[in-house]
Structure formats: C-alpha cells, structure tokens
Amino acid sequence: LRREGAHEVVISDMYVNDQAFDAIRMSVDANADAWGLSSEVINSRVSVVPHSWGEDIDKLCGSDGRADLLIASDCIYNPMHHRALLESAIGTMNDGGLFVVGYSFHGNVSPNEVLAFFDLAL
C-alpha cells in the first residue's frame, strides 16, 4: 500500500508475543527493500501496532486520523469476535472509507455463521 501511494500504513494484529511483531516488521522491511523504498520512508509512514478488537483504537488511527481503507485478512472465522471487529473497524474508518474483508472457512463453525459477519456489518 505504501508503494501504491498510501501516505501512511498501520498494520495491526492481536498481541501474542514480541516475536510475532518482529516477524511482521521483518516482512515490512523485506518488502520495502524489494520495492526500493527507503528505510526512512518506511519508518516514518508504516506502523506495526498491537490491537485487540473492540479495545482502544487511538494507536490505529495514525497521524492523519481515520483510515480511508481497512483490510482484514482471515479475521471472521470466529463469530464470537464479529461485533468487536466491527467496533474497531467503524471506529477507525472515515465516513467514506472502504472495509475489505478476505476470509476462508476453517471448519470451526458453519459457513453461515462466518458469513453472518456481513449481515451484522450492514
């Protein structure tokens, strides 16, 4: 996203341990290298922050305020967390923002329970 012109990119995941966030940062750095982006640009415009859905969103909003684009990847397989995910998304997204959700069925619940996320989002 940074390479495509995003002014700022905030990457989040639930905090599990420091190693998980080190791995995310290594991925960001490797992609920056591959795309020819300087570490100065990456360090000033890409943040990696822990976040648990439904909790305080201040660190997610970045320096520009709310987001134009949110991408959730493989996050809706557990219906127990749908409402909290939506709370975080709604809280961080600007009024004209776009929320893109990629998902797969994990077999832990029925596909209909996973897809109920989209009904809740309406």
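These figures come from a predicted structure and were not determined experimentally. (Residues numbered from 1 in each chain as written. Predicted model: local features only at pLDDT ≥ 70, side-chain atom pairs only at ≥ 80, totals over all residues. Heavy atoms only, no water.)

Engineer: Tell me about the pairing of strand 3 (residues 67-73), and please be specific about residues and values.
Structural biologist: In this structure, strand 3 lies alongside strand 4 (residues 93-102), joined through six bridges in parallel fashion. Its bridge partner lying in strand 4, L70 is registered against F99. Handedness of the crossover is the feature at issue here: the chain leaves strand 3, passes through helix 3 (residues 82-92), returns alongside strand 4, and the resulting connection is right-handed. (Pairing = 2+ DSSP bridges. Helix = DSSP H or I, 4+ residues; strand = E, 2+ residues; numbered from the N terminus. Right-handed = clockwise from strand over helix to strand, strands pointing away.)

Engineer: Got a sec to walk through a nonpolar patch on the surface? Specific residues and values, please.
Structural biologist: A grouping of L69, I71, L98 and V100 is seen on the molecular surface, where their side chains present a nonpolar patch of about 350 Å² in accessible area. Contributing elements (two or more residues each) for the nonpolar patch: strand 3 and strand 4. You can see I71 is positioned in strand 3. (Patch = residues over 30% accessible without salt bridge, like charges linked within 9 Å, V, L, I, M, F, W, Y side chains within 5 Å. Areas by Shrake-Rupley, 256 points an atom, 1.4 Å probe, with all protein chains shown as cover. Salt bridge = Lys/Arg side-chain N within 4 Å of Asp/Glu carboxyl O.)

Engineer: Tell me about the packing of aromatic side chains, residues and numbers included.
Structural biologist: Counting across every chain of the model gives five aromatic pairs. Measuring from ring centre to ring centre gives 5.7 Å for Y103 and F105, while their planes differ by 65°; the resulting arrangement is edge-to-face. Given a relative accessible area of 37%, Y103 falls into the partly exposed group. Seen in terms of ring centroids, F117 and F118 are 5.4 Å apart; in terms of plane orientation they differ by 85°. Their pairing is edge-to-face. A residue is classified by how much of its surface remains accessible, and F118, at 30% relative accessible area, is partly exposed. Ring pairing ties together the aromatic residues F99, Y103, F105, F117 and F118, which thus form one cluster. (Phe/Tyr/Trp six-rings, centres within 6.5 Å; stacked < 30°, edge-to-face > 60°. Buried < 20%, exposed > 50% of the residue type's maximum accessible area, 1.4 Å probe, protein only.)

Engineer: Please set out the side chain of T92 residue by residue, giving values where relevant.
Structural biologist: With respect to the helices, strands and loops of the structure, T92 is situated in helix 3. Exposure remark for T92: the relative accessible area of 5% places this residue in the buried category. There is a polar contact of 3.0 Å between the side chain of T92 and the backbone oxygen of S88. Beyond its immediate stretch of four places on either side in the chain, T92 contacts I57, L60, C61, R66, A67 and L70. (Polar contact = N/O pair within 3.5 Å; in protein donor to acceptor, adjacent residues only side chain to side chain. Contact = heavy atoms within 4.5 Å.)

Engineer: An account of helix 1 (residues 18-35) is requested, with residue identities and associated values reported.
Structural biologist: Here helix 1 is 18 residues long and its end C-alpha atoms lie 26 Å apart, about the 26 Å a rise of 1.5 Å per residue gives. Next to the buried residues of helix 1 lie strand 1 (9-13), helix 2 (39-45) and strand 2 (46-50). You can read the cap of helix 1 off the contacts: a side-chain oxygen lies 3.1 Å from the backbone nitrogen of Q19, and it is on N17. The first or second residue beyond helix 1 is G36, which carries a positive phi of 75°. (Expected span 1.5 Å × (residues − 1).)

Engineer: Before we move on, can you summarise the environment of D68 with the specific residues and values?
Structural biologist: In this structure, D68 sits in strand 3. As a C-alpha pair, D68 and G96 span 28 residues in sequence and 6.9 Å in three-dimensional space.

Engineer: Explain unusual backbone geometry residue by residue, including any values.
Structural biologist: Residues other than glycine predominantly adopt negative phi, and peptide bonds predominantly adopt the trans conformation. The residue D74 is not glycine, and still its phi comes out positive at about 55°. Assignment of secondary structure puts D74 in the loop between strand 3 and helix 3. Residue D74 is classed as partly exposed on the basis of its relative accessible area of 33%.

Engineer: Summarise the confidence of the model for the chain; cite the residues concerned and give the values.
Structural biologist: In this model, the chain carries a mean pLDDT of 90, and residues with pLDDT of at least 70 account for 94%. Taking the mean pLDDT of every element in the chain, the minimum, 87, falls on helix 2 and the maximum, 97, on helix 4 (residues 111-121). (pLDDT = per-residue confidence, 0-100.)

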